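Survey of secondary and tertiary structure
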Amino acid sequence: MFVKGPSLGLRLLACLILSLALMFSDYRYQHMDQVRSFLTVAVTPLQWAVDLPNRLWSWGAATFSDRNALLEENALLKEQALQLSSKNQRMAYLIAENLRLRELLNAKKPNKDRFLLGEVIGLDADAFTHQVLVNRGRRDGVYEGQAVVDALGLMGQVVSVSTYTSRVLLAADTAHAVPVLINRNGFRVIAIGSGLIDELTLSHVPDTADIREGDLLVTSGLAGRFPKGYPVAEVSTVRHEPGKPFATVSARPLAQLERSRYVLMLNPLDVIDNTNLPVTGSASPETREQE
Amino acid sequence: MFVILLTFVFALLLAAMPLPDTFLWIQPEWVTMVLIYWCIALPHRIGVLAGFFLGLCMDLLDGSLLGQNAMAMSVIAYVALLLYQRMRNYGALQQALMVGLLISISLLIFQWIQNLTSVAADTLAFLLPAITSMLLWPWFFIGMRTIRRRFQIH
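Thresholds, definitions, all that
Residues numbered from 1 in each chain as written. Chains lettered and ligands numbered in written order. Predicted model: local features only at pLDDT ≥ 70, side-chain atom pairs only at ≥ 80, totals over all residues. Helix = DSSP H or I, 4+ residues; strand = E, 2+ residues; numbered from the N terminus. Buried ≥ 20, exposed ≤ 12 C-beta atoms within 10 Å, placed from the backbone. Contact = placed C-beta atoms within 7 Å. pLDDT = per-residue confidence, 0-100. Expected span 1.5 Å × (residues − 1). Bend = angle between axes of the 7 residues up to and from the residue. UniProt positions renumbered as here; feature names shortened; annotations may be inferred. Axes fitted to C-alpha atoms, helices over the stretch in contact; angles between N-to-C directions. Parallel < 35°, antiparallel > 145°, perpendicular 65-115°, else oblique. Left-handed = near helix turned anticlockwise from the far one by under 90°. Nonpolar A, V, L, I, M, F, W, Y, C, P; charged D, E, K, R; others polar. Pairing = 2+ DSSP bridges.

**Observations regarding the overall build of chain B**
Counting secondary structure elements, chain B contains 7 helices and 0 strands. Ordered by position from the N terminus, the helices and strands of chain B form the series α-α-α-α-α-α-α. Within chain B, buried positions represent 44% of all 154 residues. Within chain B, residue pairs in contact and separated by at least 24 positions form 67% of the contacts whose partners lie at least 6 positions apart.

Next comes the structure, spelled out in structure tokens:
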């Protein structure tokens, strides 16, 4: 009745064909990532707006918090810093020793990992995936496949990058897998996301494998995507089922996947524009060269 | 037009709001509800194309497959445009049921594509948002009507 131009059915048909074409190319072809990253810039203000209450709250909390509370926190942090630096002292010695031993073995010197500090500004509003949005994008040297860690362990990897933001697939997502090894004995396994935020599944673990509850799993560095030596998870249950070739093993991620606000994005690309370079530094889980 | 746009933006913000996992399962489909309302109220202005672009925005915000929400939203806009005369004459209860049905359809389309391309829900619990949207619809409708009258959008 009101319709001007093409009829309703035709419009629907056009939209359906368009969305099918979009989905197909997004699913199949890599170069659609660029289109997506370009389009994502358009919704970036929305993503910032969603995070606004959170930032206002923390700003308010910092501004109006009790002086005593701040002093207390300060004292606590100082104590923590002291503890960490004392640990670090021993670390320097161990690293030097490690280097000497490596030299004895004629092994290659390990690379230092650089990192980029990012802040989580959004969570996916979808119950079926585990992704977070980070306020670093292509402009800051983020790239697809980049490993992301928090203070305690591996968070996941970057799956899509736009100019100002990037999307990180968490290790607990069903589409995520990471090659790990058991820190105790070097046994290699693959940790696959279970879809539950606090659980990873270890696939194809032989029933006779030496794996126990409480074993620490660290990235093995195989496949080249994740740098090696970052803690990933701790084995929580090992179930041997008679008659099955593989044991059912699940692990608890060490990173605070659902809580971490600040993340480290490892080995960012060098960006040409150095004028407003974000906080960078160098860190490495096992090897920091002596200054 | 500005107010309509603003309601869409607000709905998108609500949809993208980080929530605990349990709430995510029952979170009303704000964006779909706003779209259905405007389709019923202003069928000559808001239609399939608006639904398509709205869905595209959702895809970009959600990180879902580009076109996944766009497809569901354009179908919903289409059905809403077919039904708008009837919907206007329905009572609150009947209207709410119809909206619940529409939102279930959009959720089904979304899950269907999800199933083809990656992992989808293994329970019917993904339809819970349709129920919460249905329960909220009468109040939502009154609220939106107030906005429409206040700003005299025709």
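**Remarks on the confidence of the model for chain A**
For chain A, the mean per-residue pLDDT works out to 82, and 89% of the residues sit at or above 70. Counted against residues more than four places away or in other chains, residues 274-291 of chain A, with its pLDDT under 50, gives 27 contacts.

**Comments concerning the confidence of the model for chain B**
Residues and elements named next belong to chain B. In this model, chain B carries a mean pLDDT of 89, and residues with pLDDT of at least 70 account for 100%. When mean pLDDT is compared element by element in chain B, helix H3 (residues 30-41) scores highest at 94, while helix H2 (residues 21-26) scores lowest at 80. As scored by the predictor, the complex reaches a pTM of 0.68 and an ipTM of 0.85.

**Points about helix H5 (residues 68-89) of chain B**
When the terminal C-alpha atoms of H5 of chain B are compared, their 32 Å separation across 22 residues agrees well with the 32 Å that a helix rising 1.5 Å per residue should span. By the largest-angle criterion, Leu83 of chain B marks the main kink of H5 of chain B, which is about 65 degrees.

**Here's the deal with the UniProt feature "transmembrane region" (unreviewed entry) in chain B**
All names here are of chain B. UniProt records the feature "transmembrane region" (unreviewed entry) for residues 65-84, 96-113 and 119-142 in the present numbering. Note that residues 65-84 is 85% helix and 0% strand, and that its end C-alpha atoms are spaced 29 Å apart. Taken end to end, residues 119-142 comprises 62% helix and 0% strand; its first and last C-alpha atoms sit 37 Å apart.

**Overview of the packing of helix H1 (residues 2-16) of chain B against H3 of chain B**
Residue and element names in this part refer to chain B. Running from N to C, H1 and H3 cross one another at 160 degrees; their axes reach a closest spacing of 8 Å. With respect to each other, H1 and H3 are oriented roughly antiparallel. The chirality of how H1 crosses H3 is right-handed. Along the contact surface, H1 presents Ile4, Thr7, Phe8, Ala11, Leu12, Leu14 and Ala15, while H3 presents Trp30, Val31, Val34 and Trp38. Residue classes in the contact of H1 with H3 are distributed as 10 nonpolar, 1 polar and no charged.

**Here we look at the pairing of strand S7 (residues 188-193) of chain A**
All names here are of chain A. In S7, alternate side chains face the same way, and those of Val189, Ala191 and Gly193 are buried while those of Arg188, Ile190 and Ile192 on the opposite face are not. The pairing of strand S6 (residues 177-182) with S7 spans 5 bridges and is antiparallel. The partner of Val180 across the bridge, within S7, is Val189. Counting the residues in the hairpin turn of S6 and S7 gives 5 residues, including Gly186, whose phi is positive at 80 degrees. In this sheet, strand S8 (residues 200-206) lies alongside S7 in antiparallel orientation, the contact comprising 4 bridges. Pairing of Ala191 across the sheet is with Leu202, part of S8. Where S7 folds back onto S8 in an antiparallel hairpin, the turn is made up of 6 residues, including Gly195, whose phi is positive at roughly 95 degrees.

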